[in-house]
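Summary of structural features
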Amino acid sequence: MKISTIKDLLEAKVICCEEGLNRHVYSACGSDMMSDVLAYVKDQAVLLTGLVNSQVIRTAEMMDMNCIVFVRSKMPTAEMTELAKESGIVILATDKRMYEACGLLYSNGLVGNRVKNV
Amino acid sequence: MSEALKFRFDVDGNDFTSAGKASVQVKKNLRQLGLSPETIRRVSIAMYEGEINMVIHAGGGVAEVTVTEDCVEIFLSDKGPGIKDIDQAMQEGFSTASDNIRSLGFGAGMGLPNMKRYTDYMDIKSTVGVGTDITMRVNI
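Right, let's walk through the structure included here.

Definitions and limits used
- Note on numbering: residues in each chain are counted from 1, in written sequence order.
- Chains carry letters and ligands carry numbers; both start at the beginning, A for chains and 1 for ligands, and go up in the order they are written.
- pLDDT decides what is reported in this predicted model: residues at 70 or higher carry local features, side-chain atom pairs at 80 or more are listed and counted, and totals for whole chains, interfaces and linings draw on all residues regardless.
- Here a helix means four or more residues in a row that DSSP labels H or I, a strand means two or more in a row labelled E, and each is numbered from the N terminus.
- Atoms counted for the radius of gyration: C-alpha only. Globule rule: 2.2 Å times residue count to the power 0.38.
- Exposed residues have 12 or fewer other C-beta atoms within 10 Å of their own C-beta, buried residues have 20 or more, and partly exposed residues fall in between, where C-beta atoms are placed from the backbone.
- Two residues qualify as being in contact provided that their C-beta atoms, derived from the backbone, are within 7 Å of each other.
- Directions drawn from the helix axis to the C-beta atoms are what define this arc.

**Things to note about the overall build of chain A**
The number of helices and strands found in chain A is 5 helices and 7 strands. The secondary structure elements of chain A, listed N-terminal to C-terminal, are α-β-β-α-β-α-β-α-β-α-β-β. Its C-alpha atoms give chain A a radius of gyration of 12 Å, within 12% of the compact-globule value 13 Å for 118 residues. In terms of overall dimensions, chain A has a C-alpha envelope of 35 × 30 × 25 Å along the principal axes. In chain A, which comprises 118 residues, the share counted as buried stands at 47%. Intrachain contacts of chain A at a sequence separation of at least 6 include 53% that bridge at least 24 residues.

**As for helix 5 (residues 98-107) of chain A**
All names here are of chain A. When we look at burial in helix 5, the residues that qualify are Ala 101, Cys 102 and Leu 105. Taken down its axis, helix 5 places every buried residue within 95° of arc, on the same side. Turned more than 90 degrees away from the buried face of helix 5 sit Tyr 99 and Ser 107, all of them exposed. Its buried side turned inward, helix 5 meets helix 1 (3-9), strand 2 (27-30), strand 3 (45-49), strand 4 (67-70) and strand 6 (110-111). A positive phi of about 115° marks Gly 109, the residue just after helix 5.

What is shown is where atoms sit, not what they do.
In structure tokens, the structure reads:
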């Protein structure tokens, strides 16, 4: 699924790295616990989270993720945005809650570790 | 690569925000060395979890990464409280982290299991009241 499609489905704002909107993600992970995210390697995944601190960006970087979506109207700090820019990670922010955001992406074909119609 | 390459980092135990900086640097260094993306990811995740542990449990410490022809070795050493029961600490979901740490997204009891999951060898030497030394290796 293209990151731009994720943006549209979640009616999200682009916080940084807009130039990466044409890239694709092939799996997704929704969690506020970073160690749970780190437990399962996924290639080119998007991370959905309501946690706001620098470790969210570092976790995504360690996992080679290229997009983070902040749910529940959470906004990253300026420091976090800088870290994301250094790593070229697209940051989106949506008003939707975690459950709805994950459900929208899943039902439109972004199915966890598998690829379906993306 | 004929000679081993070594990187050494001091991990600041007083600054949660900067935790992980050493792992980010290691990831960059390994990329420059041309290691495979999978090897780099395994090393950096294992080291990142270790770094976070040193910050949240031990007040910081020292991290050394050695790259040889066959493997990447990560050595983490701290003078923290030590681990009372290593077998218990290795169980997924077991954590002694405070609610405050959990609110920061860690302390799910996955740190040490993740370090083992991503490495080919892991050894923990810990003495209560003295500190903890962890050696991990990822084969190239």
